[in-house]
Amino acid sequence: PTKSVAVLPGDGIGPEVVSAALDTVEKLGLPLDFRLGDIGWDCWRQEGDPVPQRTWKLLEETDTCLLGAITSKPLRETEAELDPSLRGTGLTYVSPVLQLRQRLGLYANIRPVTDLDQGRFDFTVIRENTEGLYAGIDVHGLDEPLWNAVRHHPNAAASGPEDTSLTLRLQTRHGIDRLLRFGFAHAEAHGKRLLTVVDKPMVLRNSGNLLRERLELIARDHPDIETEILNVDAVALWMVRRPERFGVLVAENMFGDILSDLGAGVMGGLGLAPSGNIGDHGSYFEPVHGSAPGMVGQDKANPMAMLLTVAQMLDHLGFDVPGEELRDAVRTVARARTTVTYDLGGTAGTREVARAVADRLGRK
Ligand code: NAI
Ligand code: MG
């Protein structure tokens, strides 16, 4: 059956890598219906919302979403860029990526990290997207109840409530359970034997205990998957030194944020790193990189991150064989080094690389 995809090219190099990647995907001849929509900086400036109503409608009507890139600016700059007719109306800019994650309930951020060159490693970082240290409980200047919780800390006592800030790491059974279940299912679906849970249990003892209890319970339903709980700092070290030891990693929001960018670095940079955001009722896929304003319109951006993102989306839609074919074609072109962009040491342009990948697909 035909699957429908909302395509939101967005800002900067987003439209360039999206259009190059979609031309390549056409070669696969899949029953896909791509439906173009608007998102990003121009929507904010002209309409007062980076995700317009018509885009939400499009997302409701489609099976998943492919996003290019978004330009975000510091809050103080956002209002000044609004169309004059919209200024002073109290509109506030909310990051489109955050809006998508929150409204669609996308709690798992999936970052595959593979060695395109030599196939030495192939693991996935799954970052929790909705709670942890980024749950939004982040206060500067403490009221009575919060102050009472920290006033005995000598540094707080020396600073006073007005000059103390507090960020809370929220961890819930609900959030932990669905993340762990997702991690196990992902490991099983991708033939991985090891699930690494990233935490800091010796320092964050009580929240660490909740996580360990839930892991022990849920692991009983998945006897074929080995589990471990590792310290986040140790994981960072091993990811660089022995990336081949990992299968699937799950981590709370901030630990996962940091480790997934480290993963992009281990892979060889932003021009190669794909990602997906998945919930129980929705999903969207985007390369890890942003809109790279310095490269716009120069046909310079590496389209491989977007091509691998499309492959991940194809897996998710159930087209896993074509997804693997596409990854294989990207791998072949990356290894050959003859047609690659500047970030991989070459001189080829965005469209040329995408065409080289399409040629590989055509050769089967
Ligand atoms: P960026 O990822 O856009 O670019 C950083 C640098 O990485 C570029 O200057 C370039 O050297 C390299 N790079 C990125 N993509 C590449 C590609 N496809 N091929 C080759 N090299 C590539 O990050 P930056 O410059 O910090 O942010 C630019 C804008 O993007 C900002 O407005 C930021 O808020 C936004 N952003 C959006 C993200 C998203 O859409 N999820 C993620 C990160 C940043
Ligand atoms: Mg990040």
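All residue numbers here refer to positions counted from 1 along the written sequence of the relevant chain. Each chain is given a letter, starting from A, and each ligand a number, starting from 1, according to the order in which they appear as written. Local features in this predicted model are restricted to residues of pLDDT 70 or higher, and side-chain atom pairs are both shown and tallied only at a pLDDT of 80 or more, whereas totals for entire chains, interfaces and linings draw on every residue.

1. Examining the overall build of the chain
So the rule is basically this: Secondary structure elements are defined from DSSP: runs of H or I of at least 4 residues count as helices, runs of E of at least 2 residues count as strands, and each element is numbered from the N terminus. Note that the radius of gyration is over C-alpha atoms, with the globule rule given as 2.2 Å times the number of residues to the power 0.38. Residues with at least 20 neighbouring C-beta atoms inside 10 Å of their own are called buried, those with 12 or fewer are called exposed, and the rest are partly exposed, where every C-beta is derived from the backbone. Residue pairs are scored as contacts if the distance between their C-beta atoms, which are placed from the backbone, is within 7 Å.
Looking only at helices and strands, the chain has 14 helices and 12 strands in total. Against the 2.2 N^0.38 benchmark of 21 Å for 364 residues, the chain shows a C-alpha radius of gyration of 22 Å, consistent with a compact globule. By its C-alpha atoms, the chain is 70 × 60 × 40 Å across when sized along the principal axes. Counting all 364 residues of the chain, 41% fall into the buried class. Within the chain, residue pairs in contact and separated by at least 24 positions form 73% of the contacts whose partners lie at least 6 positions apart.

2. Considering the UniProt feature "domain: Isopropylmalate dehydrogenase-like" (unreviewed entry) in the chain
Here is the rule we go by: UniProt positions are given in the numbering used here, feature names are shortened, and annotations may be inferred rather than shown by experiment.
Following the UniProt record, one finds the feature "domain: Isopropylmalate dehydrogenase-like" (unreviewed entry) at residues 4-357. Secondary structure content for residues 4-357 is 42% helix and 18% strand, while the C-alpha to C-alpha distance between its ends is 23 Å.

3. Here we look at helix α11 (residues 253-267)
Inclusion rule: Here, expected helix span is obtained from the residue count minus one, scaled by 1.5 Å. Working note: the arc is built from the helix axis to C-beta atom directions.
With 15 residues, α11 should cover 21 Å at 1.5 Å per step; its first-to-last C-alpha distance of 21 Å lies within 8% of that length. Of all the positions in α11, only Asn253, Phe255, Gly256, Leu259, Ser260, Gly263, Ala264 and Met267 are classed as buried. Projected down its long axis, α11 carries its buried residues within an arc of 170°, all on one side. In this fold, the buried residues of α11 make contact with β4 (108-114), β5 (122-128), β8 (194-199), α10 (232-241) and β10 (248-251). Directly beyond the C-terminal end of α11, a positive phi value near 125° is found at Gly268.

4. Re the domain arrangement of the chain
Formally: An automatic or database domain assignment supplies the start and end points of every domain.
The domains assigned to the chain are domain 1 (1-104 + 282-364), domain 2 (111-135 + 170-281) and domain 3 (136-168). If you average the C-alpha positions of domain 2 and of domain 3, the two centres end up 31 Å apart.

5. Overview of the site of ligand 1
The following threshold applies: Being near a molecule or strand means, for a residue, that its C-beta atom, positioned from the backbone, comes within 6 Å of it. Residues are grouped as follows: Ala, Val, Leu, Ile, Met, Phe, Trp, Tyr, Cys and Pro are nonpolar; Asp, Glu, Lys and Arg are charged; all remaining types, including Gly, are polar.
The local shell around ligand 1 holds 20 residues, among which Ser72, Gly271, His289, Gly290 and Asn302 are the closest. Along the lines of polarity and charge, the residues of the shell around ligand 1 split into nine nonpolar, nine polar and two charged.

6. Considering the packing of α10 against α11
The condition that has to hold: Note on geometry: axes are C-alpha line fits, over the in-contact stretch for helices, and angles between N-to-C directions span 0 to 180 degrees. Small angles under 35 degrees read as roughly parallel and large ones over 145 as roughly antiparallel, with 65 to 115 read as roughly perpendicular and the rest as oblique.
Axis separation between α10 and α11 bottoms out at 10 Å; the angle between their running directions is 10°. The angle between the axes of α10 and α11 places the two elements in the roughly parallel class. Residues Val232, Val235, Ala236, Met239 and Val240 of α10 form the contact with α11, whose own contacting residues are Phe255, Leu259, Leu262, Gly263 and Val266. Of the residues assigned to the contact of α10 with α11, the class counts are nine nonpolar, one polar and no charged.

7. Side note on the environment of Phe285
Locating Phe285 in the fold gives a position in strand β12 (residues 283-287). Sequence spacing of Phe285 and His316 is 31 residues, and the spatial spacing of their C-alpha atoms is 9.8 Å. With sequence-adjacent residues up to four places away left out, Phe285 is seen in contact with Thr64, Leu66, Leu67, Gly276, Thr309, Gln312 and Met313.

8. So, unusual backbone geometry
For Ala292, which is not glycine, the phi dihedral falls at a positive 40°. Examined against the element boundaries, Ala292 turns out to sit in the loop between β12 and α12 (304-316). Look at Asp299: it is not a glycine, yet its phi comes out positive at around 55°. Within the element layout of this structure, Asp299 appears in the loop between β12 and α12. Taking the C-beta count within 10 Å as the criterion, Asp299 has 16 such neighbours and is therefore assigned partly exposed.

9. Quick notes on the nonpolar core
Put simply, the rule reads: We call a set of buried Ala, Val, Leu, Ile, Met, Phe, Trp, Tyr and Cys residues a nonpolar core when their C-beta atoms link them within 7 Å.
Membership of the largest hydrophobic core comes to 88 residues, with the highest contact counts inside it found for Leu249, Val250, Leu307, Val310 and Val357. Taken together, domain 1 (1-104 + 282-364) and domain 2 (111-135 + 170-281) each give at least three residues to this core, which thus spans both. When residues no more than four places from it in sequence are discounted, the contact partners of Val357 are Thr24, Leu307, Ala329, Val330 and Val333.

10. Details of the pairing of strand β1 (residues 3-10)
Let me state the cut-off plainly: The pairing criterion for strands is at least two bridges between them, as found by DSSP.
Counted residue by residue, β1 has six buried out of eight residues, so it is predominantly covered. As paired elements, β1 and strand β2 (residues 32-36) share five bridges and run parallel to each other. Bridge pairing links Val5 to Phe34 in β2.

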